Amino acid sequence: MGTQVLPLQTIDFSVPNPSQTANLSLPLYQGAGYRADYTTWSLLQNGGFMQFNLNLSSACRVSWGMNVCAAISNGVTNNPISIHVNGFPFISGYSDHNVNFHPVVWTIPPSLLKAGNNTITVSLDATASTQLFIRSVTVSEAVLTRNNAWNNGGSFDNSDLLWYAKGVGVMMSRALSDPTSWWFYAAIHGQYIVDNDGSGPPPTDYPNWGKIPPVPAVPITPLPGASVMAQYWDQCQHAGWYFPPWHRGYLYALENILSIIIQQLGGPSDWALPYWNYLDSNTQQLTMPPAFSSPKLPDNTANPLYVTARYGLSGTGKVVIAAPPVNQSCQSNTTYTNQYGGGVTGFEHFGSSTGNLESNPHNIVHNQIGGNSTTTPYYGLMADPGLAGLDPIFYLHHSNIDRLWAAWNNAGNQNPTDSNWLNGPSASAGRQFYMPNPDGTAWLYYPSMVNSISQLDYTYQDLTLPAGKNQMTERLFTLTQSLTEKNIIPMQNDDTPELFGASSGKINLGAAGAEAKIRLDAPVRGNVLKSLKEAAETSLPDDVYLLLEGIKGTADANIYSVTVNNLNAGYFTLFGIRKATMKDGHHAGAGLTVKLNISAIVDELHLNDALSDSLDVKIMPDGNVLQGAAPVTIDRIGVYRVSNK
């Protein structure tokens, strides 16, 4: 954590004239005052209030605590109070029935506060017939902890999940046009209700939101105004370097909305969005937490976390993450740009420079949860960015992705310092990132504002980073058989890629997969072999990448494995292919681009004298593949060499 904006401070109301603190004062009160007979202040009947001024150097998350005691009259305690923060009804109708002094605490999200003076009013509702004694008020900066969703078995015995469900239920009860509704919030990530980004009409059948089989029952009216949709909807950043920070802001704004709803429902003041750690392959956590697969809450009401269109890798509805191929190898990356967090882009709803964090685990987990139905022509909500925000498991998946990024930084890895990243796409006159605040106003943010989780006053239950193997170190050990694994070689490859070979003609990627022979350029092959033979700590070998360029179609949920000369090169998904294929869309119909690092395969071929003048690439479906969708095509399969000299 950095410098604390608001250290712990208390106003003592056991005296008639309480002293103000450095940041907190009581400039105004009415129908409230000191009760000498009880040596404390009291909110009297008939709308009494105490109005506090909270001065902040910058907006932060604030813990607001009061030591209170309920007055009893004729055996009755009736003292509902409301708390307004800068005019926003933060808490309404809270009633206290404990006749002994005790603490009550709420957490005020920073989105309701501002730098400078803030007005916090505690008032006794007009319906009250007894008093509420207040002995002290305490403020301090608060830090939320996002906990593992599998605590207490991942069931509703985990209060984080129970209150998440209740909060989601309230958001689902709000109208689509309400910026704080579940539906509006999902549309911020992506939607198929109206034309967007100039990309033409939405699909007429599934996945149009009007065709999604419940549950949930997704509304498509009333629509917000056109300017509001243009400001908020279809923002998600994929296949570019804004992927991590945009999603961090997306989660943070949702957490602020839910935190208030949950506290208004009487839930915990320290509630935070949980994370699903599906990367812990030694435990049952590969399975989706049971709270998401139960149609009912413990009180036998409908479970807002339950989604019908969630088919899993098998297509049968059982969601279990397969690890491998899902892994956290990306955590051993040492650079952000063009590696961990994606390549340089502007505002890209779907770009073409995917980082390793996004490729795996993010993309593969999306599709392993969503999957394809074996009995209907549908795929799961999680498998399409225009649907994914509708599924409550989305936010626990991304909480885990955000946790990985925080752990990666915690291990000493650095985010970009380029002003074009820090200031977001607006630095180059691109579309800006906006999220709704709990009061319906807009929050404009940049990556520089979400560069670390300490800026946002939250942390994670577990930020440890598994011991990863540095890829270049592994390669040098393999090629030279002399380097010890203690020598970590940073991967700082910024050289321009050189085409090593490419397929000829478009490739059809059907249900049975596809094969292609890639002819290699002889002079480039000679340079690669020379770098491999001379490999040393002072002479790093070339990197070699396989690029699947211009992948187009509509089968977002499909997953494929790739082999090169029958050696495993990795996996990729078609998550986002529909949006990336839209001809008039933001990505101009360029389709998806998948990049796989095949340097280790080239090393092995070299050591076996098998790096000939061509490579055999085989792409095979993994799991249940959607039948009947528009054909998937690949414009070109390319092989690229990047020098590390």
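Note that the structure is a prediction, hence the values are computed from the model and not measured. (Residues numbered from 1 in each chain as written. Predicted model: local features only at pLDDT ≥ 70, side-chain atom pairs only at ≥ 80, totals over all residues. Heavy atoms only, no water.)

**Section: the overall build of the protein**
Assigned secondary structure in the protein consists of 11 helices and 24 strands. At 28 Å, the protein has a C-alpha radius of gyration in line with the 26 Å of a compact globule built from 645 residues. With the C-alpha coordinates of the protein rotated into their principal frame, the extents come out at 95 × 55 × 45 Å. Counting across all 645 residues of the protein, residues that qualify as buried make up 57%. (Helix = DSSP H or I, 4+ residues; strand = E, 2+ residues; numbered from the N terminus. Rg over C-alpha atoms; globule rule 2.2 N^0.38 Å. Buried < 20%, exposed > 50% of the residue type's maximum accessible area, 1.4 Å probe, protein only.)

**Describing the sheet that holds strand S5 (residues 49-56)**
The five strands lie next to each other as S2-S5-S10-S7-S8, forming an open sheet whose pairing is antiparallel. The strands lining the two open edges of the sheet, one partner per strand, are strand S2 (24-30) and strand S8 (88-94). Each strand axis lies, on average, 15° off the axis of its neighbour in the sheet, ignoring direction. Pairing between S5 and strand S10 (residues 116-124): eight bridges, direction antiparallel. Within S10, the position partnered with Gln 51 by the bridge is Thr 121. (Pairing = 2+ DSSP bridges. Axes fitted to C-alpha atoms, helices over the stretch in contact; angles between N-to-C directions.)

**Things to note about the nonpolar core**
Counting 103 residues, the largest nonpolar core has Tyr 164, Tyr 185, Trp 209, Trp 233, Trp 276 and Tyr 395 as the members making the most contacts within it. The biggest single contributor to this core is helix H4 (residues 243-264), with 11 residues. (Core = buried A, V, L, I, M, F, W, Y, C linked by side-chain atoms within 4.5 Å.)

**Quick word on the packing of aromatic side chains**
One pass over the structure, following the stated rule, counts 31 aromatic pairs. Centroid distance Tyr 250 to Tyr 395: 5.8 Å. Interplanar angle 40°. Geometry classified as tilted. Separated by 145 residues along the polypeptide, Tyr 250 in helix H4 and Tyr 395 in helix H6 (residues 393-410) bring together distant segments of the chain. Taken as a pair, Tyr 250 and Tyr 395 share a single burial class, namely buried. (Phe/Tyr/Trp six-rings, centres within 6.5 Å; stacked < 30°, edge-to-face > 60°.)

**Details of the packing of helix H5 (residues 356-370) against H6**
Between H5 and H6, whose axes approach to 11 Å, the crossing angle comes to 165°. Our classification of the angle between H5 and H6 gives roughly antiparallel. At the point where H5 passes H6, the crossing takes the right-handed sense. Only Ile 393, Phe 394, His 397, His 398, Ile 401, Leu 404 and Trp 405 of H6 make contact with H5, whose side of the interface consists of Leu 357, Pro 361, His 362, Val 365, His 366 and Ile 369. For the contact of H5 with H6, a count of residues per class yields nine nonpolar, four polar and no charged. (Parallel < 35°, antiparallel > 145°, perpendicular 65-115°, else oblique. Left-handed = near helix turned anticlockwise from the far one by under 90°. Contact = heavy atoms within 4.5 Å. Nonpolar A, V, L, I, M, F, W, Y, C, P; charged D, E, K, R; others polar.)

**A closer look at the pattern of salt bridges**
Side chains that carry opposite charge are capable of pairing whenever their charged atoms lie near each other. Counted by the stated rule, this structure contains 15 salt bridges. Among the ionic pairs, Asp 37 bridges to Arg 35, the shortest N-O distance being 2.9 Å. Owing to a relative accessible area of 53%, Asp 37 belongs among the exposed residues under this scheme. Here Arg 636 makes a salt bridge to Glu 549, at a shortest N to O gap of 3.1 Å. Linking Arg 636 in strand S24 (residues 632-642) with Glu 549 in strand S19 (residues 543-552), this pair joins segments that are 87 residues apart in sequence. For Arg 636, a relative accessible area of 27% gives the class partly exposed. (Salt bridge = Lys/Arg side-chain N within 4 Å of Asp/Glu carboxyl O.)

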